[in-house]
Amino acid sequence: METNFNVLSTHIQGSFPSSSPQVFPLMKHSSAISAVLTDDNSTSSLEEDVETENIGLLNLDPSLEPYLDHFRYRMKRYAEQKKLIEQHEGALEEFSLGYLKFGFNREEGCIVYREWAPAAEEAEVIGDFNGWNGSNHMMEKDQFGVWSIRIPDVDGNPAIPHNSRVKFRFKHGNAAWVDRIPAWIKYATVDTTRFAAPYDGVYWDPPPSERYHFKYPRPPKPKAPRIYEAHVGMSSSEPRVNSYREFADDVLPRIKANNYNTVQLMAIMEHSYYGSFGYHVTNFFAVSSRSGNPEDLKYLIDKAHSLGLQVLVDVVHSHASNNITDGLNGFDVGQSSQESYFHAGERGYHKLWDSRLFNYANWEVLRFLLSNLRWWLDEYNFDGFRFDGITSMLYVHHGINMGFTGKYHEYFSEATDVDAVVYLMLANNLIHKIFPDATVIAEDVSGMPGLGRPVSEGGIGFDYRLAMAIPDKWIDYLKNKNDEDFSMKEVTRSLTNRRYTEKCIAYAESHDQSIVGDKTIAFLLMDKEMYSGMSCLTDASPVVDRGIALHKMIHFFTMALGGEGYLNFMGNEFGHPEWIDFPREGNNWSYDKCRRQWNLADSEHLRYKFMSAFDRAMNSLDEKFSFLASGKQIVSSTDEDNKVVVFERGDLVFVFNFHPENTYEGYKVGCDLPGKYRVALDSDAWDFGGHGRVGHDVDHFTSPEGIPGVPETNFNGRPNSFKVLSPARTCVAYYRVEESIAETEDDQTAISSELPTANIEESDDILKDSPSVNITDAGQIDLVSIEESNEELKDSTSVNISDVVQTDRDDSYANVWDDDQSDD
């Protein structure tokens, strides 16, 4: 089988078909355990719901047409793999129930233990239950390389007691015996009194009285996710590891109070090295024992559901820990790729992450990873996933030393790892089949087209991708530019640069910007004055005043314009002053910086409360107006001279004034619908640490602009306009007042008591000292037609994201290898 591609030059084994593919014979079986199966060269019909000839993705983006052969090939590979699974396992849903067969499971009158280790010559199970002597518990190997043993109950009780330690012992080619934690273990613990002690697998099967039973249903899927990214272990205000139950009782209510609707939990899968931030996974089916046991995690998730919060889990299927003693890597004792979870040689090792790389074409690897996804959904009631580091999966070069520019040949060539692409397609198909309301997010630096489109169209099937270029842009600006040099066009372009119909999660900063060696936005803005200048008992210094103002603006600008969802990392909502530094040799294994100082946000006399209050108000605004979920996004003005950006998102009109000094009276802004507009959210309000310069009880009446239906005669392409006061370093959102509501309500804000009021008279003295420019008709730029080319769109001051197909990306790094560069 051979396929020609327009842009292919060299063949990389395992990515595209060669003329002599390696073929493994099909084997008949009656159990859910199969051999390593690949293409049988059969001509059986492919699944009916997958179109392999006419790729729907190309209808959305005709510029992908030169890569039609690539899409057809990977769709055919996906359909063939799915068909094979259906032929030999019953269905993808049954295939993903591998955790009911592998590892330790209760069957009638016994415990059955199964482990895939085809290269092992002998095997036995050992543990507390047999004094770590497996001579009486030797295992048998079947034709597929699966070892198994049935351990009968003793006096009506399981032979292996609940919460007792177990391991898999096997002999490999050099006649040496090794002890490993079972690959499918559901819990693993370590002796915390011994430094660098090895982990032990734990047989976890609590009696009904000790098992947690879920009480609350999953909440409905939100229109748009407002995600609170959190690390349970470092969520305590004390320098120690926090527990699942403490997080549930102490932190979840905070998240709910700040009007987030989704929690994204990091570091849940067991990882022996705490400092890896959870990204060097050792035990994929086990919860991190540092914070509690499986029942404790269930309590957390159930508590979140009771508060109406969805819970996503960070899943790391891009690589595995290199740890031989504690992790999956311990099963690789020189096997070929078909006998191991990982590729052999260089292809099986990530040189920057010092970790192992999965062989996604391997039948048992597919079973392991797909079952892992289902395990977290079925056993723990998670509501979805954030897939970590998938750039490493999508390409055989793993994104190392690659600067992605957005040119399509960078995504569709022999550098594409189609084995991994097919796995991700299967994974998304499975997740949405067993739980249609799941939220699945991809962390991809490269910006691969189609990542966020359905599998049936030729896409990879994710619901959202992380907009990873946005935090890089903000950090670049804060580190390297003066306020006067901020480019409104460039920042706006970075926020709107996403693919048509592929949803993004926007964020100004995540955990990446919070770790040791980097700085959060608040720290970049205020630095040492965060320790000395945050008291409300004295006037704010110019540094603190600027810092709090820009902190609010940057986060709100990112939220309002950057995507169809929003993410914030734990503590950044109130400008947490210290980075995260996990216990390590370099800091004498200290937990001092591995915590969150919630008291700062709770203290009435500290200015941290202002940033926290504004964060809460931002989320409340979306809760009321659902602007994140709206497809209407129109930037009508990027005023470089005056540092003002005006745009519409949903039913709201946003005005951002980044000028460090100028306040504009009567600033003219365009809008769609005529009527009366009022303030919905004002960053300059007193309750947000502002100066109260904008009147919240002022009615802004529109005036018609130009000839109806003729955009080029309108004001900035908008048929109506109204005038506002725009103080320096402020952002204000306006809502259109429905006349029927206006007659019956006298609200000063769109989100009632969430937002403060301000009397314009109170700020007269401030306004006297502020430079004021009336630019009612000055400094505006004509709307550029959406039909113009991508090159012209780059410089457009008005872009409707729903009409943009593809623009060049800003996600390229000098050295690209995903967001966990520092973590791993």
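Residue indices follow the written sequence of each chain, beginning from 1 at its first position. The predicted origin of the model limits local features to residues at a pLDDT of at least 70 and limits the giving and counting of side-chain atom pairs to 80 or more, whereas totals for whole chains, interfaces and linings rest on all residues. Here the side-chain values reflect all heavy atoms present in the structure, with hydrogen atoms and water set aside.

- Looking at an unreviewed UniProt entry, one finds the chain named 1,4-alpha-glucan-branching enzyme isoform X2 and attributed to Nicotiana tabacum.

Re the sheet that holds strand 5 (residues 146-152)
Item 1. Between any two strands, pairing holds if DSSP finds at least two bridges. The numbering of helices and of strands both runs from the N terminus, where a helix is a DSSP run of H or I of at least 4 residues and a strand a run of E of at least 2. Pairing is antiparallel across the open sheet formed by 4 strands, whose spatial order is 1-2-5-4. A strand with exactly one partner marks an edge of an open sheet, and here the two such strands are strand 1 (103-107) and strand 4 (140-141).
Item 2. Across 2 bridges, the pairing between strand 4 and strand 5 is antiparallel. Of the residues in strand 5, the one forming a bridge with Glu140 is Ser148.

Brief notes about the layout of surface pockets
Item 1. By volume, the second largest pocket amounts to about 650 Å³.
Item 2. If you go around the second largest pocket, you meet 20 residues; those closest to its centre are Val190, Ala196, Ser272, Arg290 and Tyr591.
Item 3. Each residue belonging to the lining of the second largest pocket can be placed in one class, and the counts come to 11 nonpolar, 5 polar and 4 charged. Using protein atoms alone on a 1 Å grid, points that fit a 1.4 Å probe yet trap it form a cavity, whereas open point sets bounded by protein on both sides within 12 Å along at least five of seven lines form a pocket; residues with an atom within 4 Å of a point count as lining. Grid points are joined across faces, edges and corners, and a volume is the space filled by probe spheres set on the points. Residue classes follow a fixed rule: Ala, Val, Leu, Ile, Met, Phe, Trp, Tyr, Cys and Pro count as nonpolar, while Asp, Glu, Lys and Arg count as charged, and any other residue, Gly among them, counts as polar.

What about the packing of helix 2 (residues 68-89) against helix 8 (residues 418-434)?
Item 1. Axis definition: a line fitted to C-alpha atoms, over the contacting stretch in the case of helices. Angles run 0 to 180 degrees between N-to-C directions. For the pair helix 2 and helix 8, interaxial distance at closest approach is 10 Å and the crossing angle is 60°. Overall, the two elements helix 2 and helix 8 adopt an arrangement that is oblique. The crossing of helix 2 and helix 8 is right-handed. Of the residues in helix 8, those in contact with His70, Tyr73, Arg74, Met75, Arg77, Tyr78, Gln81, Lys82 and Ile85 of helix 2 are Val418, Asp419, Val421, Val422, Met425, Leu426, Asn429 and Lys433.
Item 2. Residue composition of the contact of helix 2 with helix 8, grouped by class: 9 nonpolar, 3 polar and 5 charged. Put simply, angles under 35 degrees are roughly parallel, angles over 145 are roughly antiparallel, angles from 65 to 115 are roughly perpendicular, and the rest are oblique. Helix crossings fall into two classes, left-handed where the near helix is turned counterclockwise from the far one by less than a right angle and right-handed where it is turned clockwise. Note on definitions: a residue-residue contact is assigned when non-hydrogen atoms from the two residues lie within 4.5 Å.

Comments concerning helix 6 (residues 363-380)
In an α-helix, one turn spans 3.6 residues, which is why side chains three or four residues apart end up on the same side.
Item 1. Spanning 18 residues, helix 6 covers 25 Å between terminal C-alpha atoms, matching the ideal 26 Å at 1.5 Å per step.
Item 2. Remark: the principal bend of helix 6, roughly 25°, maps to Arg374.
Item 3. Between buried and exposed lies partly exposed: a residue is buried under 20% and exposed over 50% of the maximum accessible area for its type, with that area taken using a 1.4 Å probe on protein chains only. Counting buried positions over the 18 residues of helix 6 gives 16, a clear majority of the element.
Item 4. Nitrogen and oxygen atoms within 3.5 Å of one another constitute a polar contact, given that in protein one can donate a hydrogen and the other can accept it, and given that sequence-neighbouring residues count only through two side-chain atoms. You can read the cap of helix 6 off the contacts: a side-chain oxygen lies 2.9 Å from the backbone nitrogen of Glu364, and it is on Asn362.
Item 5. Where helix 6 ends, the next residue or the one after it, Asn381, has phi of about 60°, a positive value. Multiplying 1.5 Å by the residue count of a helix minus one yields the expected span of that helix. The angle between axes fitted to the seven residues ending at a residue and the seven residues starting there is what we call the bend at that residue.

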